[in-house]
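Geometric and topological summary
Spelled out, the chains give:
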Amino acid sequence: MTGQLSRVDVTVLPEGWTTKGSYPSEASGSWSPTLSPDGRHMAYVSDRSGSPKVWVQPVGSELTFLVDTGEEPVASVHWSTGGGWLACVIAPGGAPRTEVWLVRPDGSALHQVAGFGADSAENVRWLPGRPLLAVTENLTTAALVDAERGTRETVAEGDLISLFDVSPDRGRALLRRGPRGGRFVVVRDPDGVEEYVTSGEQACFAPDGSIYARGDAGERPVLLRAGAGSAEVLAASEDGEVEAFALTSDGSKVAVLWNVDGGRSELTVLSADTVTRVDLPGTVVSGPVWSHDGSTLAFTAEGPGQPHGVWTWDGEQLLAVSAEEAAPGTVYPTLRRFPSHDGLEISGWLFEPATAGPHPTVLWLHGGPEAQERPGHGPLFQSLVDRGIAVFAANVRGSSGFGRSFVNADNGPLRRAAVADVAACVEHLVGAGVADPARVGCMGRSYGGYLTLAALTTYPELFAVGIDVCGMSNFATFYEHTEPWIAAAAVSKYGDPVEDADLLRDLSPITRIDRLRAPLMVVHGENDSNVPVIEAEQVVTALAARGVPHRYLLFPGEGHELLHRSSRAEYLRETVGWLTGHLGVPAGLGNL
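Residues numbered from 1 in each chain as written. Predicted model: local features only at pLDDT ≥ 70, side-chain atom pairs only at ≥ 80, totals over all residues. Heavy atoms only, no water.

**Quick notes on helix 4 (residues 447-458)**
One full turn of an α-helix is made of 3.6 residues, so residues set three or four places apart face in the same direction. In this model, helix 4 (twelve residues) spans 16 Å end to end at C-alpha, consistent with the 16 Å of a helix rising 1.5 Å per residue. Listed as buried for helix 4 are Tyr447, Gly448, Gly449, Tyr450, Leu451, Thr452, Leu453, Ala454, Ala455, Leu456 and Thr457. (Helix = DSSP H or I, 4+ residues; strand = E, 2+ residues; numbered from the N terminus. Expected span 1.5 Å × (residues − 1). Buried < 20%, exposed > 50% of the residue type's maximum accessible area, 1.4 Å probe, protein only.)

**Re helix 9 (residues 565-582)**
Taking 1.5 Å of rise per residue, the 18 residues of helix 9 would be expected to cover 26 Å, and the 26 Å separating its terminal C-alpha atoms lies within 8% of that figure. Those residues of helix 9 not exposed but buried are Arg565, Ser567, Arg568, Ala569, Tyr571, Leu572, Thr575, Val576, Trp578, Leu579 and Thr580. Buried residues along helix 9 sit against strand 32 (359-365), helix 1 (379-386), strand 34 (435-445), strand 35 (465-469), strand 36 (520-525) and strand 37 (550-555). After helix 9 finishes, the residue Gly584 shows a positive phi value of roughly 70°. (Contact = heavy atoms within 4.5 Å.)

**Structural notes on the packing of helix 1 against helix 9**
Closest axis-to-axis distance for the helix 1/helix 9 pair is 10 Å, and the angle between their directions is 35°. Once helix 1 is placed against helix 9, the crossing between them reads as right-handed. Along the contact surface, helix 1 presents Pro379, Leu380, Ser383 and Leu384, while helix 9 presents Tyr571, Leu572, Thr575, Val576 and Leu579. Here the contact of helix 1 with helix 9 is built from residues that sort into seven nonpolar, two polar and no charged. (Axes fitted to C-alpha atoms, helices over the stretch in contact; angles between N-to-C directions. Left-handed = near helix turned anticlockwise from the far one by under 90°. Nonpolar A, V, L, I, M, F, W, Y, C, P; charged D, E, K, R; others polar.)

**A word on unusual backbone geometry**
A cis geometry characterises the amide bond from Gly357 onward to Pro358, with omega recorded as 5°. In this structure, Pro358 sits in the loop between strand 31 (345-351) and strand 32. With omega at 10°, the peptide bond leading from Gly368 into Pro369 counts as cis. Tracing the backbone shows Pro369 in the loop between strand 32 and helix 1. If you check the backbone angles, Ser32 has positive phi at about 55° while not being a glycine. Following the sequence through the fold, Ser32 ends up in strand 3 (residues 30-35).

**Points about the pattern of salt bridges**
A complete count under the given rule lists 29 salt bridges for this structure. Note that Arg225 is salt-bridged to Glu232, the shortest N-O span being 2.8 Å. The shortest N-O distance in the salt bridge between Lys493 and Asp410 comes to 3.3 Å. With a gap of 83 residues between them, Lys493 in helix 6 (residues 484-494) and Asp410 in the loop between helix 2 (404-407) and helix 3 (415-431) connect regions that are remote in the sequence. Judged by its relative accessible area of 0%, Lys493 falls in the buried class. (Salt bridge = Lys/Arg side-chain N within 4 Å of Asp/Glu carboxyl O.)

**What to know about the nonpolar core**
With 57 residues, the main nonpolar core has Leu363 and Tyr494 as its most contacted residues. In this structure, Tyr494 is in contact with Arg180, Gly368, Pro369, Gly412, Arg415, Tyr447, Met472, Phe475, Phe478, Tyr479, Leu503 and Leu504, ignoring residues within four places of it in sequence. Membership of the second largest hydrophobic core comes to 28 residues, among which are Trp364, Ile467, Phe555 and Leu583. (Core = buried A, V, L, I, M, F, W, Y, C linked by side-chain atoms within 4.5 Å.)

**Observations concerning the pairing of strand 21 (residues 230-235)**
Two elements, strand 20 (residues 222-227) and strand 21, share five bridges in a ladder whose sense is antiparallel. Within the sheet, the bridge partner assigned to Ala226 lies in strand 21 and is Ala231. Between the end of strand 20 and the start of strand 21, which pair antiparallel, lie two residues, with Ala228 showing a positive phi angle near 55°. (Pairing = 2+ DSSP bridges.)

**Some points on the sheet that holds strand 22 (residues 240-247)**
Sheets are built from strands paired through backbone hydrogen bonds, the pairs being either parallel or antiparallel. Ordered by their spatial adjacency, four strands build an open sheet running 22-23-24-25, and the pairing between neighbours is antiparallel. Whereas interior strands pair on both sides, the edge strands pair on one side only; in this sheet they are strand 22 and strand 25 (274-278). Each neighbouring strand pair of the sheet contributes to a mean axis angle of 25°, computed without reference to strand direction. Taken together, the five bridges between strand 24 (residues 264-271) and strand 25 define a ladder with antiparallel strand orientation. Bridging from a neighbouring strand, Leu270 pairs with Val275 of strand 25.

Below, the structure is given as structure tokens:
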């Protein structure tokens, strides 16, 4: 892949409909598919116009209609089971704080229903067969919005809660409670009495009143059905995880999304005694959702060199609604597994140039930390490999996809072992002849930005260059300035800001910033309220005072994610330039 930009070709047609063209290399593509009740139309989010917007498209047609939701970027869209409304999750200023707006599929009657003022709304779900929208604000307030009556009802209040579903008679509510790494599902009755269902992150009522849930009380998440005081496991694997599921409104079918083989996806559909495996158009799939009548399943698929695309499956035919094929010359990664410093197996995806090694190499660290590096769309990785730079996208301890023990193996004081995993990755790459030990860089985003700073200050001799993208540098200021609900949920992962103050001080990279030697680029969104911009400013100030080569790339109008395509294009260009310049890669290799 050359990274050369292609043109978005849009032809204007009558009544606001257009035909879509190809995506530039830095585009995310299309995601968050949601179907009309009969499965004949799809709404989805795409950044083909420059920033994420809502588009409606007949399934099987190239015609698209842009739904006007205002100037702010859209994070996701959800079609009501009655067909009359789209619920759009809007990210004002690109920040983590989100609002919920309703709009008719034809673009009329746009109005806000949740996330007013400083509140943030999330976990949006239309209840089957009803014009009721479940929504959670600030992880403290669970509410139902009646789209037709224009009313709102608070279902439950408390700390670290989220609303999954409400029974058809509105007598019971399914809630998630707890912090990161310790969340569980409960059923709440009209008197406020709660009954534990399972440890997990997803649940819904079936038409018969039983509960389907993704349970993670064991080592690997499973799909289970609970009711009448018992639970039945419907789908489980010894070497794979149930990542998500989607139940049809009539309860006759359930789509099960699997995470297998270090991060690849599989998708199966369970119906009565039948299990059907869906052939996937990409290596990584997300967001499975049924049409209300159960005729059509939609999902997002991506892969190396293949931007996010939205697809449908009707039980027989797989159809691309808005998707691109992998770019010519795409490099596909290989999965590497090896023991870390204490013998624990860690892994990662290696993107390697065709020429013989050792290569200048960049170690990439994902966010979370309970996320996972998977073989999906990564224009930065392709651009670097195109210039002769190997990329190792690591899954150190704390990553998801490898079992409950692994994802909790970095909690609190165990975080030092995760930092040591970074050094183990370098040792493995050098020992395998992949990396030139004198030309190794380290970079990451969010928690990966923190881990980059921690590695650069703990093992300064290992790295020739670094990039910190919206990473935490000081746990004390992070807890002080982040959103309150983000801080409350993070205690289980990092530690309590008061009780564990000494530990957090020791784990904060700013404490040892005088050990940092590698030229460092710091990237941040000005409106980021998840990891506030003060985390970047402290690092930049400290490096300037010590004369360490650095650059500060601040994006106005962006938050914790770079949602505008122009910002991602600039980030890609500047990142590649910074890394090639400090890793000794000759100018003129590759294109952007």
